[in-house]
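Fold and geometry: a report
Below are the chains, spelled out letter by letter.
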Amino acid sequence: MENVFDLGWIDYSIMLIYFAFVLGIGWALKRFMKSSTDFLEAGRSIPAWITGLAFIATNLGALEVIGMAASGAKYGIATIHFYLIGAIPAMIFLAIFMMPFYYGSKARSVPEYLKLRFDEKTRGFNAVSFAIMTIFASGISMYALAMLMEIMLGWNFHFSLIISALIVLIYIYMGGLTSAIYNEVLQFFLIVLGFLPLVIIALIDIGGWEGLKTSLAEVSVNNGFESGAYTQSWRHMNNPNSNPMGVDWIAVAMGLGFVLSFGYWCTNFLVVQRAMAADSMSSARRTPLIGALPKMFIPFLVILPGMIAIALTSNLESGFELPVKGGSYDYDKVIPMMLGYYFPTGVLGLGLTALMASFMSGMAGNVTAFNTVWTYDIYQSYISKGKSDKHYLRVAQLTTIFGVLISIFAAYVARMFNNIMDFLQLVFAFINAPLFATFVLGMFWKRATGHGAFFGLLSGTTAAAIHHGLTAPVGATVLVKGGWLGTIIHEYPSEMAQNFWTAIYAFTACFLMTVILSILTKKLKPDGELKGLVYSLTPRQKEEGVVWYERPAALAVIVGIIAIILSILFW
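Everything quoted here is computed from the prediction, not taken from an experiment.

Here we come to the overall build of the chain. Of the regular secondary structure elements, the chain holds 21 helices and four strands. Its C-alpha radius of gyration of 23 Å places the chain within 12% of the 25 Å reference for a compact globule of 571 residues. Each principal axis of the C-alpha distribution contributes one length, and for the chain these read about 70 × 55 × 55 Å. Relative to its 571 residues, the chain shows a buried fraction of 63%.

Okay, structure coming up:
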């Protein structure tokens, strides 16, 4: 099967029109970027439906499209856990319990909230670790887009990397966070429009859901599992060796459903920043819930193509075959290969544009979050205090350039993995998992101290590093994928299983150390200073005169019921 696909003038026209819109939005918003608040916070003036779609579109980047499709091919329907248990409960929790503290405290970023709740050193530790995480996440999106251009257009990988970075750099440099948010809404609709035909055509070709189940039953048996291992999400989680993901229900429920999920959705400034740009507290709280509604149905756009791809690859008569990488399939190429296999000229351009939109959404989201944290929480706090707002606006613009440049380096690290989802979940295990423990204790236990929080975060990250250094996935290369301490005391069935347990150890270490040191150290902040920052000390807000379907609690119930129904259907 050819790697480079024949694109017609219609395909190239669709892509050029998209690029023109993206850059045009940045240009149109450039004249409104008069202060650092406009550039980095969008002036807290955007309505809930816009921030809600941007909230989910920010996450709908390379992680979602390439990573989830790759995981669908590698792990089967178990990948849906990243949505129904690995996202929805945390998004509900963020809306109901955490957004009032983020938005109400007037903090400009998540690290700044940590400063208000704990102290400066806790804020500094999180700011640096978050900046590193966003760079890696942005690099993953850059790698994915460059790989796409290499496969489908035949462009040189290194040249493609520079082009993709340059486009994102231009429209963020001009329009800041506002440009990123409005582009993310555009990209959301493009992604749905581009991938829905692929899913429908591919599913019809494979014989519908029943035909896919039959094909994957054979794949399951050939790989040493029971026939339903690739198409049933919970039934084969009793033992790590009975499912392709190599995890049991404890690892899924605790590692993914609790630690990684809540750590990502509740403390990751990348997504929280979208809600904080909303025009009111009510809009900020509704933002994650509005995003949760389409989030539950995204698996049908990204996981199903991966499952169909592995079914087609196992059928030699189909003519479809995934490329090989490092002794295994190169799962990251599922979506581009499926697009080339099913889409004719014209429609192929639409699918390709949808892919580009998803990658740029991920890149832009991470770069704008990096801008804010670097400018407010690192530069203004530690490098140059007390300068004019115009000075910080200029720093934010220059930080955009710096962030994009260093993300290019991270793209080459991502190239070492055959599933970028594995790589990104590892990054989350190191940074978000211990951070969530800090937030839980900080928001719901007024006795938690700054010393406890700081050394708790340090302990959690250290525990993650030690666990990763002493373990490795079966057959993995030592260093990037673990075992770098020289001794491997345990091998996991997959990279994902190792990630889940790394997160559990990081969360537990941070939680215990924070509790112990908080008990042993003096509480420096009186209760009065913690009002609006700690749950028990903050008055409950009453929403009067708001129709029931716009109330966060009612929306949360609706979202929760839909998630439960979908979980039962794919049990």
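Here we come to the packing of helix H3 (residues 48-59) against helix H9 (residues 157-206). Two packed helices can be described by the angle between their axes and the distance between those axes. At their nearest, the axes of H3 and H9 sit 8 Å apart, and the two run at 70 degrees to each other. One finds that H3 runs roughly perpendicular with respect to H9. Within the contact between the two elements, H3 uses Trp49, Ile50, Leu53, Ala54, Ile56, Ala57 and Thr58 and H9 uses Ile181, Tyr182, Glu184, Val185, Phe188 and Phe189. For the contact of H3 with H9, the class distribution of residues is eleven nonpolar, one polar and one charged.

What follows covers the packing of aromatic side chains. Taken as a whole and assessed by the stated rule, the structure comprises 39 aromatic pairs. A network of ring pairs unites the aromatic residues Phe93, Phe97, Phe101, Phe258, Phe262, Phe436, Phe444, Phe507, Phe511 and Tyr535 as a single cluster. The positively charged end of arginine 108 is found above the aromatic ring belonging to tyrosine 376, 3.8 Å away from the centroid.

Looking now at the pattern of salt bridges. Counted by the stated rule, this structure contains twelve salt bridges. Linking lysine 74 and glutamate 495 is a salt bridge whose minimum nitrogen-to-oxygen distance equals 3.2 Å. You can see lysine 74 sitting in helix H4 (residues 62-75) and its partner glutamate 495 sitting in helix H20 (residues 495-520), a full 421 residues away along the chain. Neither lysine 74 nor glutamate 495 differs from the other in exposure class; each is buried. Measuring nitrogen to oxygen at the nearest pair gives 2.7 Å for the salt bridge that ties glutamate 184 to arginine 274. Taken as a pair, glutamate 184 in helix H9 and arginine 274 in helix H12 (residues 269-276) lie far apart in primary sequence, 90 residues in all. Linked through salt bridges whose partners overlap, the residues forming this network are Arg108, Glu112, Lys115, Glu120, Arg123 and Asp377.

With that settled, the discussion passes to the side chain of asparagine 371. If you trace the backbone, asparagine 371 turns up in helix H16 (residues 347-383). Beyond its immediate stretch of four places on either side in the chain, asparagine 371 contacts Phe39, Leu40, Ile172, Ala396, Thr399 and Thr400.

Attention now goes to the nonpolar core. In this structure, Tyr102, Met338 and Phe500 are the most contacted members of the largest nonpolar core, which totals 187 residues. Here this core takes 20 residues from H9, the largest share from any one element. Dropping the residues within four chain positions of it, methionine 338 is found in contact with Leu198, Ala202, Pro305, Ile308, Ala309, Leu312 and Phe320. Ranked by size, the runner-up nonpolar core spans six residues in total, among them Met33, Phe39, Leu40 and Leu393.

Next up on the list: the environment of leucine 145. Tracing the backbone through its elements, the reader meets leucine 145 in helix H8 (residues 120-153). Along the chain, leucine 145 and alanine 309 lie 164 residues apart, while their C-alpha atoms are 20 Å from each other. Contacts of leucine 145, omitting those with residues within four sequence positions, involve Ser164, Met356, Phe359, Met360 and Met363.

Viewed as axis vectors pointing N to C, helix H11 (residues 249-267) and H12 meet at an angle of 40 degrees, and their least axial separation amounts to 6 Å. In terms of their interaxial angle, H11 and H12 are classed as oblique. Every residue of H12 that contacts H11 at Tyr264, Trp265, Cys266 and Thr267 is listed here: Phe269, Leu270, Val271 and Val272. Here the residues of the contact of H11 with H12 are counted per class, giving seven nonpolar, one polar and no charged.

The next subject is the side chain of glutamine 187. For glutamine 187, the location among the structural elements is in helix H9. With near-sequence residues (within four places) excluded, glutamine 187 lies in contact with Tyr18, Val22, Tyr171, Ala357, Met360 and Ser361.

All right, on to a nonpolar patch on the surface then. Side chains of Leu293, Val547, Trp548, Tyr549 and Ile558 sit close together on the surface and give an oily, nonpolar patch of about 470 Å² of accessible area. Among the secondary structure elements, isoleucine 558 is positioned in helix H21 (residues 552-569). Owing to a relative accessible area of 34%, isoleucine 558 belongs among the partly exposed residues under this scheme.

Tracing the backbone through its elements, the reader meets aspartate 6 in the segment before helix H1 (9-29). Taking relative accessible area as the criterion, aspartate 6 reaches 70% and is therefore assigned exposed. Between the alpha carbons of aspartate 6 and isoleucine 406 there is a distance of 33 Å; along the sequence they are 400 residues apart.

The predicted coordinates should not be examined in detail at positions where pLDDT is low. Taken over all residues, the pLDDT of the chain has a mean of 86, while the share at 70 or more is 95%. Per-element averaging of pLDDT across the chain places helix H2 (residues 36-41) at the bottom with 78 and helix H19 (residues 450-470) at the top with 94.

Our next topic: the state of the cysteines. Following the criterion strictly, the structure yields zero disulfides and no others. The thiol sulfur of cysteine 266 is not disulfide-bonded, and the nearest other cysteine sulfur, from cysteine 510, lies at 15 Å. By relative accessible area, cysteine 266 is classed as buried at 0%.

Calculation criteria
- Residues numbered from 1 in each chain as written.
- Predicted model: local features only at pLDDT ≥ 70, side-chain atom pairs only at ≥ 80, totals over all residues.
- Heavy atoms only, no water.
- Helix = DSSP H or I, 4+ residues; strand = E, 2+ residues; numbered from the N terminus.
- Rg over C-alpha atoms; globule rule 2.2 N^0.38 Å.
- Buried < 20%, exposed > 50% of the residue type's maximum accessible area, 1.4 Å probe, protein only.
- Axes fitted to C-alpha atoms, helices over the stretch in contact; angles between N-to-C directions.
- Parallel < 35°, antiparallel > 145°, perpendicular 65-115°, else oblique.
- Contact = heavy atoms within 4.5 Å.
- Nonpolar A, V, L, I, M, F, W, Y, C, P; charged D, E, K, R; others polar.
- Phe/Tyr/Trp six-rings, centres within 6.5 Å; stacked < 30°, edge-to-face > 60°.
- Lys NZ or Arg CZ within 6 Å of the ring centre and 35° of its normal.
- Salt bridge = Lys/Arg side-chain N within 4 Å of Asp/Glu carboxyl O.
- Core = buried A, V, L, I, M, F, W, Y, C linked by side-chain atoms within 4.5 Å.
- Patch = residues over 30% accessible without salt bridge, like charges linked within 9 Å, V, L, I, M, F, W, Y side chains within 5 Å.
- Areas by Shrake-Rupley, 256 points an atom, 1.4 Å probe, with all protein chains shown as cover.
- pLDDT = per-residue confidence, 0-100.
- Disulfide = S-S within 2.5 Å.

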